[in-house]
Every structure is written in C-alpha cells, then in structure tokens.
Amino acid sequence: MLDANIKTQLKAYLEKVTQPIEIVASLDDSEKSREMQALLNDISGLTDKITLTEVRDDAERKPSFSLNRKGANLGVRFAGLPMGHEFTSLILALLQVGGHPPKADAEVIEQIRNLEGELNFETYVSLSCHNCPDVVQVMAVPMVFLNGQLFGQGRMELGEILAKADTGAAARDARKLSAKDPFDVLVVGGGPAGAAAAIYAARKGIRTGIVAERFGGQVLDTLGIENFISIKETEGPKLVAALEEHVKQYEVDVMNHQRAAKLAPGALAEVHLENGGVLKAKTVILATGARWRNMNVPGEKEFSGKGVAYCPHCDGPLFKGKRVAVIGGGNSGVEAAIDLAGIVSHVTLLEFAEDLRADAVLQKKLYSLPNAKVIKNAQTTEVTGVDKVSGLMYQDRASGETHWIELEGIFVQIGLLPNTDFLKGAIELTRSGEVIIDDKGHTSMPGVFAAGDCTTVPYKQIIIAMGEGAKASLSAFDHLIRTSAPA
C-alpha cells in the first residue's frame, strides 16, 4: 500500500511514539476494506509499539479503524482511507495517541484537560482539501459535528474550536484582556497588513499588541500564491505560518480568536471585544481585511454547503463530473472557472457586467476550454433546489428575459466586503464600508490608522497590504513622537 520512501519517513516519525497504540479495524468484504487492511498492516509493521486487531461483527462504520492508547480513554476513528492530504492527519493522530506532545501551548493543553462533559467530534473531509488536516463542508469541507450537532464549517484552528467548546472561556478571556496595560500601538487584524504593522511597531521598541479574530485572515483560505515578489510559489497557510513566526520574534502581545465589536475614542482609544473585554491604546491600526461577498439572493443561504460554495480549491473535487457555475468575471472568478474545468463536466461563468474584468491572459485561457461557457450581462436572481442545489435563475439584463440553468454546484466569486461593521459611526467609511484614509494611513479619528483590504487603497493584494501595514505603523510611531513631545 505504502511505497518504500513513505515507509522510511513514517518509520522515522513513529520512533517518537512512547505509548503503546492499539489499532482496531472494522472491516467487511469490500475492496476498500482490503485496501485499509493493507495500509494498516504496513503501518503496524513499522514499530512494535502498534498492535492491530481486526473485527467484522461490530456496529461501527465499515471500513473504519480506531487508534487507541492502551489503558487510556483516548482515541481517534478514521472512516475510509486517510490518504491524500488526510495522511497528514493520520500521522498526527498516531503521534498524539502514542504520547508525543502536541504543538500547543501549555495553557491551551490545560484548558483542554479542564473541558467538562463528553465531547464526540466528527469531521467530514475531502482528501484533496488543504484545510482538512488542520481541523482533524458534505458538499463543503471540512464540516465538523459535536455530539451529533453541526459545530463548524471550513478551516478552524485549535483556538477557535476551544473558544466554541469551552463555554466559560469568553468570560475568562474578557477579564484577562481588560486587565492588560495600555498599548502604544494596538493592531486590530492579523492578516498581512496587521502582521507587517505589528512588526514595524515592535522594532521601534514600543509596547505593541495585535488582536485578531483569526491570525492570517483570508490568506489562510488561499491555496496558490504566485505573485509574492521573491517567492516563485507558495500557499496561504505556509505564508501565514511564516508571518506568525516573524511576529513572534518580537515582543508582540498576540491575542488571537478575539473579535472587535466597537472602537471608542478618548485620551486612550478603546477597542471593545465581543466577549466583553476592553483593550486600551495610545494609537490603533485597523487592519481587519475583507471577506467574500455574498450574492444575497433567495436560496444562497439555504443551500450553503449543499451545493453553494466559495472555495473552488477546497470544494471543487466534490463536484467531479458534475455541472457547476461560477458567479463573477474578475480574476478570482475566471481562475476558479479554469481550475474547475479540469474537474467538472461543464462550467458556466456568469458575469453581471457587459464584459469580463479578468486579465486578458486568463480570459484567453477560459475561452479556449471546450467545457466552459461564458454568459455576460447576467444577474443571478435565485438558487433553486430541494435538499441540495438543482440550478440557478438569472435575468438577461439586456432583454429582461429570465433563464434557468440546471446545475449541481455554484461557486460565488464576486469580490470582497471590508470587515468594518463595528466601525460604523466611529470613523468615516465609504458607502461600501471601506475605511477612508489619506496617503499616510490616517483615518478621521486622531491616533487611529488603517491599512490593507479594509481601506480605500486600490488593488487588494497581499504585497500591497504588507506595505500599507508598514506605512500605517510608521505613521502611528510618528504620531506618538509628536503627541508625547514637550511643548
């Protein structure tokens, strides 16, 4: 099942196992069970710390197998073959069940130990989804259930899972956060702009904090990055890991998994958090980024995860051989249609305007594909279906006629909305919600600066956001010098 090279690498990992592991395989006479049996025989043959038991008369899903630490109520069950990206999940499960410490802070591990009640998590994954190994949608992946109830959908980090599972965590966090001393610079947002701002501030030797709902932001959901100067190709999660490592080289107080709810002016600006905590700072840099824009048509919300998707890289393989539509004719929409054309039977791209907005080279590629169709001047009006998507309705904006397309999947790629709802009434925003800034990053509130995709700066690109974050940080430092200077 496993080739010699993978066996060699896996054997090296399994040398870190300190506790005996029992694998119990629930099998039947199917071909997939025979493949699982071969995989588990390969694994158990690499170390004497693993024993393998096969059962066929139990009530578990078949084929599936559990990893258990002997003498402890600790284990993980895999249903199906954990290959592809999920092979990483299998290796991590073997290590952790086998006693190798997880890469988590001691405080987080203690919080997990103190969780009350019985928590049974189930995660549905796609073997081609790059997010799934970090969580270990079923028309969107990963989809997580806790004790039989939907718990979360999409990429989730350990901190996010704990924040939802530990019902007392919010109040404890609020007390700790409110007790912190004021910051010289407080960055709100943990994407490329926020990380750059925090690094530039910390290098000035001033008290710096960064509070973020999810460190890395939208970049975490980006697979291929090929326009980051000096790096030919990388992936979003890899870039975010590098950003986080760089930030942690300095004395930056990183407060992750915290959502801002209000910005209040004063001698010290106050950032109020959703959990009730309040952070104070002499200057604030807003770098909250943006999120995918919804179509806001009937059926979109109802069929989200049931045929309506937003990530072609994660969810595209789930529609192999099926008919899908992509909504949006910008670079992201055309790129999504090109990618999907290699997986699905047919892809239809619908653009609201009279012409596509994507780069000419992308348009040329799309029009060359035999299983792709472009419909321009089309306004999507409804997503149809019963238990899952069956198609969509659109109106021809030129003729006014309404048409229906039979589909199994719809990928929405119509741009971004700035994450600035909590700023309404506090600082000046555009009609679309972007923070209005000048050429140095100043907002309408003294001492408050902004950078990145949440602002009026054109061209929402990672490399531009980083530069804007650095600029805002330098402006904040200049503000501190001028306001603290003696008269």
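Residues numbered from 1 in each chain as written. Predicted model: local features only at pLDDT ≥ 70, side-chain atom pairs only at ≥ 80, totals over all residues. Heavy atoms only, no water.

1. Some words on the sheet that holds strand β23 (residues 402-406)
Which entries qualify depends on this criterion: Pairing between strands is defined by DSSP: at least two bridges between them are needed. For the purposes of this entry, the term helix denotes a DSSP run of H or I that reaches at least four residues, the term strand denotes a run of E that reaches at least two, and both are numbered from the N terminus. What counts as an axis is a line fitted to C-alpha atoms, over the stretch in contact for a helix, and the angles between N-to-C directions run from 0 to 180 degrees.
Judged by pairing direction, the sheet is antiparallel, and its three strands sit side by side in the order β21-β22-β23 without closing on themselves. Lying at the two open borders of the sheet, with one neighbouring strand each, are β21 (378-385) and β23. Pairwise comparison of adjacent strand axes, ignoring direction, gives a mean angle of 25 degrees for this sheet. Bridge count for strand β22 (residues 389-396) against β23 is five bridges, and the pairing is antiparallel. Note on β23: the bridge partner recorded for L392 is I405.

2. Things to note about the layout of surface pockets
Here is the rule we go by: Detection works on a 1 Å grid of protein atoms alone, calling trapped sets that fit a 1.4 Å probe cavities and calling open sets with protein on both sides within 12 Å along at least five of seven lines pockets, with lining residues defined by an atom within 4 Å of a point. Grid points are joined across faces, edges and corners, and a volume is the space filled by probe spheres set on the points. Basically, the charged four are Asp, Glu, Lys and Arg, the nonpolar ten are Ala, Val, Leu, Ile, Met, Phe, Trp, Tyr, Cys and Pro, and anything else, Gly included, counts as polar.
Within this model, the second largest pocket holds a volume of roughly 280 Å³. Together, M295, V297, I327, G328, L350, E351, F352, R357, A378, Q379, T380 and I414 line the second largest pocket. Listed by contribution, the elements that provide at least two residues to the lining of the second largest pocket are β19 (346-351) and β21. Counting residues per element, the lining of the second largest pocket draws most heavily on β21, which supplies three residues. In terms of residue class, the lining of the second largest pocket is made up of seven nonpolar, three polar and two charged.

3. Here we look at the confidence of the model for the chain
The line we're drawing: The pLDDT score gives, residue by residue, the confidence of the prediction method on a 0 to 100 scale. For this analysis, residues touch if any pair of their heavy atoms sits within 4.5 Å.
Looking at the chain, the pLDDT average stands at 91 and 96% of residues meet or exceed 70. Predicted confidence is poor over residues 135-140, with pLDDT under 50, and the contacts of this stretch with residues over four places away or in other chains come to 29 contacts.

4. Comments concerning the pairing of strand β4 (residues 75-79)
Relative to β4, strand β3 (residues 64-69) runs antiparallel, the two sharing five bridges. Note on β4: the bridge partner recorded for S66 is R77. Linking two consecutive strands that pair antiparallel, namely β3 and β4, is a turn of five residues; a positive phi of about 80 degrees is found at G71 within it.

5. Looking at the packing of helix α1 (residues 4-14) against helix α3 (residues 86-97)
Quick note on the threshold: In these notes the angle categories are as follows: under 35 degrees is roughly parallel, over 145 is roughly antiparallel, 65 to 115 is roughly perpendicular, and the rest is oblique. It is the rotation of the near helix from the far one that decides the hand of a crossing: anticlockwise by less than a right angle makes it left-handed, clockwise makes it right-handed.
Where α1 meets α3, the closest approach of the two axes is 10 Å, and the angle between their N-to-C directions is 30 degrees. The angle between the axes of α1 and α3 places the two elements in the roughly parallel class. The chirality of how α1 crosses α3 is right-handed. Contact with α1, carried on its side by I6, L10, Y13 and L14, involves F87, I91, L94 and L95 of α3 and no other residues of that element. Broken down by class, the residue content of the contact of α1 with α3 amounts to eight nonpolar, no polar and no charged.

6. Some thoughts on helix α5 (residues 158-165)
For clarity, the cut-off: Three exposure classes are used, based on accessible area relative to the maximum for each residue type with a 1.4 Å probe and protein chains only: buried under 20%, partly exposed in between, and exposed over 50%.
All buried positions along α5 are accounted for by E160, I161, L162 and A165. In this fold, the buried residues of α5 make contact with α4 (106-113), β5 (121-124) and β7 (149-153).

7. Things to note about the nonpolar core
Stated precisely, the cut-off is as follows: What makes a nonpolar core is a set of buried Ala, Val, Leu, Ile, Met, Phe, Trp, Tyr and Cys residues whose side-chain atoms join them at distances within 4.5 Å.
Counting residues in each nonpolar core, the largest one holds 32 residues, and the members touching the most others are V185, V187, F215, I285 and I462. Among the elements of the structure, β8 (183-188), α7 (192-202), α8 (236-247) and α12 (462-484) are those that each provide at least two residues to this core. The element contributing the most residues to this core is α7, with eight residues. Excluding residues within four positions of it along the chain, V185 makes contact with A201, I206, R207, T208, G209, T283, I285, A476 and L480.

8. Examining the side chain of D166
Defined as follows: The definition of a polar contact used here is a pair of N or O atoms within 3.5 Å, where within protein one atom must be able to donate a hydrogen and the other to accept one, and adjacent residues in sequence count solely through side-chain atom pairs.
Turning to its location among the elements, D166 is positioned in the loop between α5 and α6 (169-178). According to the relative accessible area criterion, D166 is buried, its value standing at 11%. A distance of 3.0 Å separates a polar atom in the side chain of D166 from a polar atom in the side chain of Q111. Leave out the neighbours within four places in its chain, and D166 touches Q111, L115 and R172.

9. What about the pattern of salt bridges?
Let me state the cut-off plainly: For this analysis, a salt bridge means a side-chain nitrogen from Lys or Arg found within 4 Å of a carboxyl oxygen belonging to Asp or Glu.
Evaluation of the coordinates by the stated rule reveals 23 salt bridges. The closest approach of N and O atoms between R77 and E60, which form a salt bridge, is 3.5 Å. Within this pair, whereas R77 is found in strand β4, its partner E60 is found in the loop between β2 (50-55) and β3, the two being separated by 17 residues in sequence. A salt bridge links D421 to K424; its shortest N-O distance comes to 3.8 Å. Residue D421 is classed as partly exposed on the basis of its relative accessible area, which comes to 47%.

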